[in-house]
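Fold and geometry: a report
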Amino acid sequence: MSHANSRRKALKNIALTTSGLSLGLAALSCKDESNKDNLDASDQGEIALKGNINHSACYWCYSGMPLDDFAQSAAELGLKGIDLLKPEEWETAEKYGLKCAVATDSFANIENGFNDRANHASLQEQYSLLIDKAAAQGIKNVIVFSGNRRLLSREEGLQNCVDGLAPLVKKAQEKNVVLIMELLNSKIDHKDYQCDHTQWGVDLCKLLGSENFKLLYDIYHMQIMEGDVIRTINEHHEYIAHYHTGGVPGRHEINDAQELNYPAIIKAILDTGFTGYVAQEFIPTYPDKIAALREGVKICDV
């Protein structure tokens, strides 16, 4: 065969391959676009979970749905818990065999937290009662917040949080409860929030020096603030008691439409020996919000 013929044949093969690839990508694109309205049949039923992850989900993302309905659907998907429930909601979750994975109450406030000494007395009184309720119900984690900076220095904010949290951490030790401070981004969603970098939270953990105070590492928030998610988890996992997911950008589904590689991240979490909960905390855009949750759980079930 001449060089010209060989070249023509090679170009023909490339064209066919490219055409096939284009058709394949088009098919994938169509599938992705239709995801919201017509998920595959395999995405409609129960999930055969591997059992490596304690799956949870944040109810506030589905607050348009009655908690009773959401809890039933979550249990059918194989979830083990629901995040950020108030005491009056705990029994509804437990009716379906689910635990409240992270307890909260109406007084818990992102902007007004423990970095402001003016909040200490009221927060200590209210959190003391919540710790008692959580312990009595067998709930392990109770969420707390740093509050907004409001011109506080890094060091002032840390010391104020130490002083405000120390009595509660002591009580948490006695009750076998873990207070977890959430890492949130101050760039997009929570302007001026102080606990907005992992290192700040880790430094607070070290200052308090207790296994009953740790961090809630929100993958969505920390991708926005600092990235380097897997290395950060590997380096600081001993200070992390709980994880939240969310697609970046937008805080929507954690599928291929966003930038984070969730299977790799969840595998890295498992490799640290983590045995707590991983909770979906994205805002669904699919008309079928439970289908969106099902997809997220499958993505994270490594």
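See the structure printed just above.
Structure report, in brief.

Rules used throughout
Position numbers for residues start from 1 in each chain and track the written sequence from start to end. Where local features are concerned, this predicted model is filtered to residues with pLDDT of at least 70; where side-chain atom pairs are given and counted, the filter is 80 or more; whole-chain, interface and lining totals use all residues. Each side-chain value is worked out from all heavy atoms of the structure, with water and hydrogens disregarded. Numbering goes from the N terminus for both helices and strands, where a helix is a DSSP run of H or I of at least four residues and a strand is a run of E of at least two. Type-normalised accessible area, obtained with a 1.4 Å probe on protein chains alone, sets the label of each residue: buried when under 20%, exposed when over 50%, and partly exposed for intermediate values. Here an axis means a line fitted to C-alpha atoms, over the contact stretch when the element is a helix, while the angle between two N-to-C directions is reported on a 0 to 180 degree scale. Less than a right angle of anticlockwise turn of the near helix away from the far helix marks a crossing as left-handed, whereas a clockwise turn marks it as right-handed. Residue contacts are counted whenever heavy atoms from the two residues lie within 4.5 Å of one another. Under the scheme applied here, ten amino acids are nonpolar (Ala, Val, Leu, Ile, Met, Phe, Trp, Tyr, Cys and Pro), four are charged (Asp, Glu, Lys and Arg), and all others, including Gly, are polar. Salt bridges are counted wherever a side-chain nitrogen of Lys or Arg sits within 4 Å of a carboxyl oxygen of Asp or Glu. Relative orientations are named as follows: roughly parallel for angles under 35 degrees, roughly antiparallel for angles over 145 degrees, roughly perpendicular for angles from 65 to 115 degrees, and oblique for any other angle. Arc, as used here, means the arc of the directions from the helix axis to the C-beta atoms. When DSSP finds at least two bridges between two strands, those strands are taken to pair. The crossover handedness rule: strands pointing away from the viewer, path from first strand over the helix to second strand clockwise, crossover right-handed.

Turning to the overall build of the protein chain, a few remarks are in order. Of regular secondary structure, the protein chain possesses ten helices and eight strands. Sorting the 302 residues of the protein chain into buried and exposed places 50% on the buried side.

One can describe the packing of helix α2 (residues 67-77) onto helix α10 (residues 289-300) by two numbers: an axis separation of 11 Å at closest approach and a directional angle of 35 degrees. Seen from above, α2 lies across α10 with right-handed handedness. Of the residues in α10, those in contact with Phe70, Ser73 and Leu77 of α2 are Ile290, Leu293 and Arg294. The residue inventory of the contact of α2 with α10, partitioned by class, reads four nonpolar, one polar and one charged.

Within the structure shown, the criterion is met by 13 salt bridges. Across the pair Asp196 and Arg149 runs a salt bridge whose closest N-O atoms are separated by 2.8 Å. Here Asp196 is found in the loop between β5 (178-182) and α6 (198-208), whereas its partner Arg149 is found in the loop between β4 (141-144) and α5 (154-175), with 47 residues between them in sequence. Given the relative accessible area of 4%, Asp196 is considered buried. When the shortest N-O distance is used, the salt bridge between Arg231 and Asp228 registers 2.4 Å. Here Arg231 falls in the partly exposed class, since its relative accessible area comes to 41%. You can call Asp228 partly exposed: its relative accessible area is 41%.

Let us look at the packing of helix α8 (residues 229-236) against helix α9 (residues 262-271). Remark: α8 packs on α9, axes separated minimally by 10 Å, with the N-to-C direction vectors making an angle of 10 degrees. With respect to α9, the element α8 is oriented roughly parallel. Contacts between α8 and α9 involve Val229, Ile230, Ile233 and Asn234 from the first element and Ala264, Ile265, Ala268 and Ile269 from the second. Its residues assigned to classes, the contact of α8 with α9 shows seven nonpolar, one polar and no charged.

The set of residues buried in α9 consists of Tyr262, Ile265, Ile266, Ala268 and Ile269. End-on view of α9: buried residues confined to an arc of 155 degrees, all on one side of the axis. Two residues or fewer after α9 comes Gly273, characterised by a positive phi angle close to 90 degrees.

Our next topic: the pairing of strand β7 (residues 240-244). Counting buried residues in β7 gives five out of five residues, a clear majority hidden from the surface. Across four bridges, the pairing between strand β6 (residues 213-218) and β7 is parallel. Looking at the pairing, Tyr217 lines up with Tyr243 of β7. Bridge count for β7 against strand β8 (residues 277-280) is two bridges, and the pairing is parallel. Note that in β8 the partner of His244 across the bridge is Ala279. At this point the chain moves from β7, through α9, to the parallel β8, and the crossover so formed is right-handed.

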